[in-house]
Amino acid sequence: MARRVAVIGAGVSGLSSIKCCLDEDLEPTCFERSNDIGGLWKFTETSKDGMTRVYRSLVTNVCKEMSCYSDFPFQEDYPNYMNQGKFWDYLQEFVEHFDLLKYIRFRTTVCSVTKRPDFSETGQWDVVTETEGKRDRGVFDAVMVCTGHFLNPHLPLESFPGIHKFKGQILHSQEYKSPEGFQGKRVLVIGLGNTGGDVAVELSRTAAQVLLSTRTGAWVIHRCSNGGYPYNMVITRRYLNFMAQVLPSCVLNWIQERQMNKRLNHENYGLSITKGRKPKFIVNDELPICILCGTVTMKTSVKEFTETSAVFEDGTVEENLDVVIFTTGYTFSFPFLEEPLKSLCTKKIFLYKQVFPSNLERATLAIIGLISLKGSILSGTELQARWATRVFKGLCKIPPSPKLMAEATKKEQLIERGVMKDISKDKLEYITYMDDIAACIGTKPSVPFLFLKDPRLAWEVFFGPCTPYQYRLKGPGKWDGARNAILTQWDRTLKPLKTRIIPDSTKPGSMSHYLKVWGVPILLASLLLICKSSLFLKLVQEFPLTSIW
Ligand SMILES: Cc1cc2nc3c(=O)[nH]c(=O)nc-3n(C[C@H](O)[C@H](O)[C@H](O)COP(=O)(O)OP(=O)(O)OC[C@H]3O[C@@H](n4cnc5c(N)ncnc54)[C@H](O)[C@@H]3O)c2cc1C
Ligand SMILES: NC(=O)c1ccc[n+]([C@@H]2O[C@H](COP(=O)([O-])OP(=O)(O)OC[C@H]3O[C@@H](n4cnc5c(N)ncnc54)[C@H](OP(=O)(O)O)[C@@H]3O)[C@@H](O)[C@H]2O)c1
């Protein structure tokens, strides 16, 4: 059974991994190459160390109740969406509360992780580290790789003919920290992800002109949903997930498109998804305003560059460009792993439930945080870490390696032959993925059982936002505060907004508000009840009572 665990990286994933080890009575040692916790959430003025980090103006894109450690809610006065500094403060509070600092060795880079000669019996690993030039070696029973998804900048210069002739400044968003230095310039931003949207909006306030080039377009989501409620809390609900699973995808897409275009006609703004491309979503509150005000101009993809200009696919030319910023995302790698494990880990289909490499005869190495979720990465990585530590201890089992390899290889072949779509890079449905991992641990909430035992809680669990506390209601790692955290999640959401209370204010339209908020859940519940009771009546009529009970 595993005892000593090496955790590589002290970012969001590494911190939860340390805590999960402690929860399972394992002995974690965390190696962090930088001098602080938080990984990419630790803002620095420069990116000279080659690490991907947040830029100064970054604000979280998942609200606090949906993106916290499941037994450690944010303090109630924290804003729902917060700047990077405040989010880092939360990570610091988490570290202090659970006393995690003493398990972290800073300025220590993991150089290699190799199987011990007796790996097939022991599952142990040799871990070589370097701390300020000094090498060290240790033997560990298990390894949690928490080195992040955004290790190296993806700079696809080869896709841009003429880029080497361009005489202006070229940079990748990894180097972008703030709008200083871009005043009065004509800037071309390439790539419409969350970074591209943010950088374009921020520069639009100081640059002479910002052009934003996209091959695909994007659905633009606002942090603030109908009624001013945080978007993630409104859409990430079990009953909606249930409806999404039963409705045909064409109906679902039609509803989604209608909803998205209701607030903002994406076509008019040059944001709509190019035919044949996979739709994607970004969170941005200001981009439409900037386009409306002409401070950001949407462009198609770039065909080629000249010394001073860019020629776009639609034939238009933008002259006198000063700067090109590639906000084209990141790649990841595991330089410290040996082959074939190193290559295999970069292919998500070879990671069982995105965590365990399929080719290991002993499941003693887990990749934590290599997920793209339609929701909080933090909550996803925490659940992965909870599961992994229980697998290390032998309390949860995963299928044997030959079976996993055979399945993954078959999938890969079908994808290569074009029989199957490669969805391994797509963002995963949040609740579906979380429930899947939770089921492996034994912490997936049972909604029907909850309705019998605790209807008030069940109502909030099924119709309310699927907050991470739901995965602490039962099973291993059960937290006594989970029920209360769920029932008070709206209090913590509204608390930072209630900074100006007007004592005798009436509540205009409160009836219609309640109808809007609860109308759909009540309708759905009634339909379910009607279906159930008619089924029940049918059963009663057709069978003797004894056969039912
Ligand atoms: C700009 C940006 C904004 C984001 N905003 C959000 C958001 O609002 N909401 C959200 O849910 N997600 C967001 N994400 C996703 C983000 O990936 C997660 O929130 C989370 O930070 C991932 O944490 P991590 O610990 O997996 O990786 P990281 O934060 O990248 O941490 C990895 C750590 O591993 C260390 N490390 C790497 N290699 C080694 C080695 N060989 N030896 C020792 N240490 C090593 C690094 O120094 C680093 O500290 C954002 C991502 C980016 C890039
Ligand atoms: N909290 C926040 O608000 C926030 C802010 C920033 C980032 N993030 C997170 O950080 C992570 C990284 O985001 P990101 O925006 O940096 O990267 P990203 O999501 O990978 O987006 C990069 C974009 O670059 C474009 N691109 C990629 N390859 C290209 C190529 N070969 N040629 C031209 N264009 C190319 C694509 O846009 P087109 O298809 O449009 O061309 C792609 O969507 C994500 O998880 C994101 O959610 C969060």
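Residues numbered from 1 in each chain as written. Chains lettered and ligands numbered in written order. Predicted model: local features only at pLDDT ≥ 70, side-chain atom pairs only at ≥ 80, totals over all residues. Heavy atoms only, no water.

- You'll find the protein chain entered in an unreviewed UniProt entry as Flavin-containing monooxygenase, with Panthera pardus given as the organism.
- The annotation that UniProt attaches to the protein chain under Sequence similarities (unreviewed entry) is "Belongs to the FMO family."
- Quoted verbatim from the Catalytic activity (unreviewed entry) field of the UniProt record, the comment on the protein chain reads "N,N-dimethylaniline + NADPH + O2 + H(+) = N,N-dimethylaniline N-oxide + NADP(+) + H2O". (UniProt positions renumbered as here; feature names shortened; annotations may be inferred.)

**Focus on the nonpolar core**
No. 1: Judged by nonpolar contacts, the single largest core of 100 residues is most densely connected at L15, L91 and M144.
No. 2: Filtering out sequence-adjacent residues up to four positions away, L91 remains in contact with V12, L15, I37, G38, W41, Y69 and L378.
No. 3: If you look at the next biggest cluster of nonpolar residues, it comprises 22 residues, including I8, F140, F332 and L341. (Core = buried A, V, L, I, M, F, W, Y, C linked by side-chain atoms within 4.5 Å. Buried < 20%, exposed > 50% of the residue type's maximum accessible area, 1.4 Å probe, protein only. Contact = heavy atoms within 4.5 Å.)

**Regarding the pattern of salt bridges**
No. 1: With the rule as written, the count across this model stands at 30 salt bridges.
No. 2: Residue K495 is joined to E76 by a salt bridge in which the shortest nitrogen-to-oxygen separation is 4.0 Å. Here E76 lies in the loop between β2 (27-31) and α2 (84-97) and K495 lies in the loop between α16 (489-494) and α17 (510-542), a separation of 419 residues in the sequence.
No. 3: Residue class for K495 comes out partly exposed when judged on its relative accessible area of 40%.
No. 4: Overall, E76 belongs to the partly exposed group, its relative accessible area being 41%.
No. 5: Across the pair D126 and R116 runs a salt bridge, and its minimum N-O distance is 3.2 Å. Pair noted here: D126 is in strand β5 (residues 125-131) and R116 is in the loop between β4 (108-115) and α3 (119-122), with a separation of 10 residues, a long-range link.
No. 6: We classify D126 as buried; its relative accessible area is 11%.
No. 7: Among the ionic contacts, a cluster of salt bridges with common partners joins K19, D23, D71, E382 and R472. (Salt bridge = Lys/Arg side-chain N within 4 Å of Asp/Glu carboxyl O. Helix = DSSP H or I, 4+ residues; strand = E, 2+ residues; numbered from the N terminus.)

**Topic: the packing of aromatic side chains**
No. 1: A full pass over the atoms with the stated rule returns 27 aromatic pairs.
No. 2: Taking 6.1 Å as the distance between ring centres and 15 degrees as the angle between the ring planes, the aromatic pair formed by Y69 and Y90 counts as stacked. With Y69 in the loop between β2 and α2 and Y90 in helix α2, this residue pair connects regions lying 21 residues apart in the sequence.
No. 3: Residue classification places Y69 among the buried residues on the basis of a relative accessible area of 0%.
No. 4: Their ring planes at 65 degrees and their centres at 5.8 Å tell us that F72 and F98 sit as a pair that is edge-to-face. Note that F72 is positioned in the loop between β2 and α2 and F98 in the loop between α2 and β3 (104-105), a separation of 26 residues in sequence.
No. 5: Accessibility expressed as a relative area gives 23% for F98, which makes it partly exposed.
No. 6: Grouping aromatic residues by their ring pairs yields a cluster made of W41, Y69, F72, F74, Y78, F87, Y90, F94 and F98.
No. 7: Its guanidinium or amino end placed over the ring of F140, R4 lies 4.3 Å from that ring's centre, counting from NZ or CZ.
No. 8: The residue whose ring lies beneath K86 is Y78, and the NZ or CZ to ring-centre distance is 4.6 Å. (Phe/Tyr/Trp six-rings, centres within 6.5 Å; stacked < 30°, edge-to-face > 60°. Lys NZ or Arg CZ within 6 Å of the ring centre and 35° of its normal.)

**Structural notes on the site of ligand 2**
No. 1: Neighbouring residues of ligand 2: 24 residues in total, closest N194, T195, T214, R215 and T216.
No. 2: Taking V59, its main chain carries an N or O atom lying 3.0 Å from a nitrogen atom of ligand 2.
No. 3: Interatomic distance of 2.4 Å between a side-chain N/O atom of T216 and an oxygen atom of ligand 2.
No. 4: Protein chains bury 81% of the 900 Å² of accessible surface belonging to ligand 2 in isolation.
No. 5: Here the element with the most residues in the shell around ligand 2 is helix α4 (residues 194-204); it accounts for 3 residues. (Near = heavy atom within 4 Å. Polar contact = N/O pair within 3.5 Å; in protein donor to acceptor, adjacent residues only side chain to side chain. Areas by Shrake-Rupley, 256 points an atom, 1.4 Å probe, with all protein chains shown as cover.)

**Structural notes on unusual backbone geometry**
No. 1: The residue after E339, namely P340, is reached through a cis peptide bond having omega 0 degrees.
No. 2: On the secondary structure map, P340 appears in the loop between β19 (330-331) and α9 (341-345).
No. 3: Even without being a glycine, N320 presents a positive backbone phi close to 55 degrees.
No. 4: When you line up the elements, N320 lands in the loop between β17 (317-318) and β18 (323-326).
No. 5: By relative accessible area, N320 is classed as exposed at 52%.
No. 6: Even without being glycine, K353 reaches a positive phi, approximately 50 degrees.

**Considering the site of ligand 1**
No. 1: The local shell around ligand 1 holds 26 residues, among which S13, E32, L40, W41 and N61 are the closest.
No. 2: Separating an oxygen atom of ligand 1 from a side-chain N or O atom of E32 is a distance of 2.6 Å.
No. 3: Between ligand 1 and W41 there is a distance of 2.9 Å, counted from an oxygen atom to a side-chain nitrogen or oxygen.
No. 4: Calculation on ligand 1 without its partners gives an accessible area of 1000 Å², and the protein chains cover 91% of this total.
No. 5: Among the secondary structure elements, those contributing two or more residues to the shell around ligand 1 are α1 (12-23) and β4.
No. 6: In terms of residues, the shell around ligand 1 owes the most to one element, β4, which gives 3 residues.
No. 7: The residue makeup of the shell around ligand 1, split by class, is 12 nonpolar, 12 polar and 2 charged. (Nonpolar A, V, L, I, M, F, W, Y, C, P; charged D, E, K, R; others polar.)

**A few points about the state of the cysteines**
No. 1: Under the definition given, this model contains 0 disulfides.
No. 2: Here C345 is not cross-linked by a disulfide; its sulfur's nearest cysteine counterpart is in C146, at 13 Å.
No. 3: The thiol of C396 is unpaired, and the distance to the nearest cysteine sulfur, on C440, comes to 7.2 Å. (Disulfide = S-S within 2.5 Å.)

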